[in-house]
Amino acid sequence: MIELSDVHKSFGKVEVLKGITASVQKGEVVCIIGPSGSGKSTILRCINGLESYDRGEISVEGLKVDRDAPSIVDIRTQVSMVFQRFNLFPHRTALENVVEGPLYVKKESRAQALERGRTLLAQVGLAEKADAHPPQLSGGQQQRVAIARALAMQPKAILFDEPTSALDPELVGDVLGVMRKLADDGMTMVVVTHEMGFARDVADRVLFIDGGVIVEQGPAKALLNQPQHPRTQDFLRRVLHPL
Amino acid sequence: MKGFWHDAVEFFPILMNGVALTIVVTIGSLLLSTVLGLVWAMMRVSGIKALSMLSASLINVIRGIPIIVLLFYLYFVMPDLGVTLSALQAAILGLGIAYSAYQAENFRAGIEAIDKGQIEAAQSIGMGWWLTMRRVVLPQAVRIVLPPYGNVMIMMLKDSSQASTITVAELALQGKLIASSTFKNTSVFTLVALMYLTMSIPLILLVRHFEKRAGKR
């Protein structure tokens with residue numbers, strides 16, 4: 001459903017993606033792991049056109065991703081994004097955040113959008129926070145609202161950009177729980193994460209990225225338990241046993 | 001002091017005619033400068049190079065010309081080009097254009113203060129440029145922009161007196177006319193100053209209210 005073929009991307013003189021080829025099937029959960037600055041987030045941002053790419057091709061359900069083409073709106077309504085820093089709209093309530101896209105982009109009826117918005121907030125465990133503004137919510141709650149906002153677009157896939165990196169450790173579990181439920185329900189997900197436990201338990205496949213290339217990829221358990229490439233081995237050793 | 005009160009009662013009605021025109025000029029040019037300022041600011045942040053450069057040059061040209069010269073130009077030069085404006089029209093147009101440059105810079109600062117993540121979140125749910133502006137950026141920018149906007153209102157109220165130079169009989173000119181025919185300079189100009197101050201005070205309080213509200217979140 002998402003295809004990347006020899007994707008290159010530079011920021012100025014620094015080439016951050018050096019030929020990424022990968023695909024994500026419908027219903028698949030793919031985790032992208034790797035050191036900071038390896039290009040993980042950039043891949044996600046290229047998939048829904050927040051960044052342009054220089055060479056190669058990215059397509060979503062056969063539609064080429066081109067951030068300057070009108071079709072980018074279609075792609076963005078089909079592939080939602082959840083950000084590291086939540087990026088909720090602070091001037092709107094949790095419920096308003098969730099229904100903003102359905103109401104103003106997809107032009108759904110108010111009654112229908114509000115009803116589904118409430119259902120989604122309940123689904124992420126925040127039914128009683130519908131009228132709260134983001135600054136009144138904890139980080140974990142904000143991120144769950146952001147997931148509900150992504151789901152409200154009824155996307156075919158969701159991209160998660162380090163969704164738990166900005167959270168206090170005790171709030172990580174709530175967010176991962178919601179994501180695990182989504183995966184169980186068959187949502188296609190691409191997750192950039194440092195949560196190796198989540199990757200091992202929930203992901204179908206893991207890509208290890210370093211220096212702008214895919215160093216190693218494979219089924220989650222195999223890659224995380226028996227990494228083949230020395231760089232993957234070294235990375236996992238340092239992440240799993242920092243002391 | 002007794003003389004002052006006597007004069008005040010006598011001149012007050014005439015000066016009030018000036019106050020009415022001062023308010024008309026202030027509100028008219030405030031509205032015009034707000035609309036023009038928004039247009040310049042939108043052009044500036046549109047991401048389209050030609051529009052952004054055009055707006056930047058316009059703002060610099062406007063900022064580089066004294067208000068009084070702009071007023072003279074509109075009132076005395078435009079008729080030579082076949083466009084005749086009444087003094088009041090020229091005053092509102094001139095002050096509105098002059099202040100649009102400051103409004104534009106204020107609006108732009110407010111828009112650019114909004115976190116980039118907000119724009120990305122809007123884009124990621126499929127919002128285009130205009131929808132992102134209308135639903136996400138501008139409502140948040142308003143809070144940032146309001147306190148300096150209030151200051152612009154106070155400055156405009158006072159600068160509306162420059163319309164007197166092209167014969168608009170607003171408060172300052174009415175005062176000057178009375179003073180030169182009665183020679184009661186002290187009474188008249190004290191009264192004029194007090195009347196400007198009286199009009200400014202509600203605006204000053206409004207700015208303070210805006211600042212408090214902006215500081216809250």
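What counts and how
- Residues numbered from 1 in each chain as written.
- Chains lettered and ligands numbered in written order.
- Predicted model: local features only at pLDDT ≥ 70, side-chain atom pairs only at ≥ 80, totals over all residues.
- Heavy atoms only, no water.
- UniProt positions renumbered as here; feature names shortened; annotations may be inferred.
- Helix = DSSP H or I, 4+ residues; strand = E, 2+ residues; numbered from the N terminus.
- Rg over C-alpha atoms; globule rule 2.2 N^0.38 Å.
- Buried < 20%, exposed > 50% of the residue type's maximum accessible area, 1.4 Å probe, protein only.
- Areas by Shrake-Rupley, 256 points an atom, 1.4 Å probe, with all protein chains shown as cover.
- Lys, Arg positive; Asp, Glu negative; His and termini not counted.
- Charge placed at Lys NZ, Arg CZ, Asp CG, Glu CD.
- Pairing = 2+ DSSP bridges.
- Axes fitted to C-alpha atoms, helices over the stretch in contact; angles between N-to-C directions.
- Contact = heavy atoms within 4.5 Å.
- Core = buried A, V, L, I, M, F, W, Y, C linked by side-chain atoms within 4.5 Å.
- Buried area = accessible area lost by both parts, 1.4 Å probe.
- Salt bridge = Lys/Arg side-chain N within 4 Å of Asp/Glu carboxyl O.
- Polar contact = N/O pair within 3.5 Å; in protein donor to acceptor, adjacent residues only side chain to side chain.
- Nonpolar A, V, L, I, M, F, W, Y, C, P; charged D, E, K, R; others polar.
- Expected span 1.5 Å × (residues − 1).
- Parallel < 35°, antiparallel > 145°, perpendicular 65-115°, else oblique.
- Left-handed = near helix turned anticlockwise from the far one by under 90°.

The name an unreviewed UniProt entry assigns to chain B is Amino acid ABC transporter permease, from the organism Bradyrhizobium diversitatis. According to the UniProt record, the Sequence similarities (unreviewed entry) comment for chain B is "Belongs to the binding-protein-dependent transport system permease family. HisMQ subfamily."

Draft legend 1. Spotlight on the overall build of chain A. When helices and strands are counted, chain A shows nine helices and ten strands. Relative to a compact globule of 243 residues, whose C-alpha radius of gyration would be 18 Å, chain A shows 18 Å and is just as compact. If one aligns the C-alpha atoms of chain A with their principal axes, the spans along those axes are about 55 × 45 × 30 Å. Across the 243 residues in chain A, those meeting the buried criterion constitute 57%. On chain A, roughly 10,400 Å² of surface is accessible, and the fraction owed to carbon and sulfur atoms is 47%. Charge-centre separation for chain A: the mean point of 29 positive side chains lies 2 Å from the mean point of 30 negative side chains.

Draft legend 2. Region of the structure containing the sheet that holds strand β6 (residues 79-82) of chain A. Residue and element names in this part refer to chain A. Here we have six strands laid out as an open sheet, ordered β6-β7-β8-β3-β9-β10, and mixed in their pairing. The sheet is open, and its two borders are formed by β6 and β10 (213-219), each paired with just one other strand. On average, each strand axis in the sheet is inclined to that of its neighbour by 15 degrees, with strand direction left out of account. Pairing geometry for strand β3 (residues 29-33) and strand β8 (residues 188-192), over four bridges, is parallel. Among the inter-strand pairings, C31 is bridged to a residue of β8, identified as V191. Each of β6 and β7 (157-161) touches helix α5 (residues 139-152); the most contacted strand, β6, lies at about 170 degrees to it. Lying over the sheet, helix α6 (residues 169-184) contacts β3, β7 and β8, oriented at roughly 145 degrees with respect to β8.

Draft legend 3. Looking closely at the nonpolar core. Grouped together as the largest cluster of nonpolar side chains are 52 residues, with contacts concentrated most on I33, L121, I147, F160, M179, M189 and V206 of chain A. Beyond its immediate chain neighbours, meaning those up to four positions away, M179 of chain A contacts I147, F160, P163, M189, V191 and F198 of chain A. Counting residues in each nonpolar core, the second largest holds 42 residues, with I67, L71, Y99 and V207 of chain B among its members.

Draft legend 4. Representation of the interface of chain B and chain A. Contacts between the two partners involve 19 residues from chain B and, on the opposite side, 22 residues from chain A. At the boundary of chain B with chain A, total buried surface from both sides reaches about 1,800 Å², with 55% on carbon and sulfur atoms. For the pair chain B and chain A, the interface holds two salt bridges. Put simply, R135 of chain B and E100 of chain A hold a salt bridge, and the shortest N to O gap is 2.7 Å. Across the chain B-chain A interface, the total number found is seven residue pairs in polar contact (both at pLDDT 80 or more). Ranked by the residues each element gives to the side of chain B that touches chain A, the list is headed by helix α5 (residues 116-124) of chain B, at eight residues. Across the side of chain B that touches chain A, the residue classes tally to seven nonpolar, six polar and six charged.

Draft legend 5. Here's a closer look at the environment of L176 of chain A. Residue and element names in this part refer to chain A. Assignment of secondary structure puts L176 in helix α6. Classification of L176 by relative accessible area gives buried; the value is 14%. For L176 and F198, which are 22 residues apart along the polypeptide, the C-alpha to C-alpha distance reads 7.3 Å. With near-sequence residues (within four places) excluded, L176 lies in contact with T164, E195 and F198.

Draft legend 6. Summary view of α5 of chain A. The end-to-end C-alpha distance of α5 of chain A, which contains 14 residues, comes to 20 Å, matching closely the 20 Å that a straight helix rising 1.5 Å per residue would cover. Once α5 of chain A finishes, Q154 of chain A follows within two positions and takes phi at roughly 50 degrees, a positive value.

Draft legend 7. Expanded view of the pattern of salt bridges. Within the structure shown, the criterion is met by 19 salt bridges over all chains. The salt bridge involving R238 of chain A is made with D234 of chain A; its shortest N-O contact spans 3.2 Å. Residue R238 of chain A and its partner D234 of chain A are both found in helix α9 (residues 230-240); the two are separated by four residues, about one turn of the helix. What emerges from the salt-bridge pattern is a single network uniting K9, R45 and E51 of chain A together with K116 and E120 of chain B.

Draft legend 8. Representation of the packing of helix α2 (residues 49-63) of chain B against helix α4 (residues 87-112) of chain B. Residues and elements named next belong to chain B. Two elements in contact, α2 and α4, have axes separated by 8 Å at closest approach and are oriented at 130 degrees. As the angle between them shows, α2 and α4 are arranged oblique. For the element pair α2 and α4, the recorded crossing hand is left-handed. The residues of α4 that touch α2, namely those facing I59, I62 and R63, are I97, A98, S100, A101, Y102, A104 and E105. Across the contact of α2 with α4, the residue classes break down as seven nonpolar, one polar and two charged.

Draft legend 9. Representation of the packing of α5 of chain B against helix α6 (residues 129-159) of chain B within the structure. Residue and element names in this part refer to chain B. Contact geometry for α5 and α6: axes closest at 10 Å, N-to-C directions at 160 degrees. As far as their axial angle goes, α6 and α5 are roughly antiparallel. Crossing hand, α5 versus α6: right-handed. Residue-level inspection shows Q118, I119 and A122 of α5 in contact with α6, the latter providing T132, V136, V137 and Q140.

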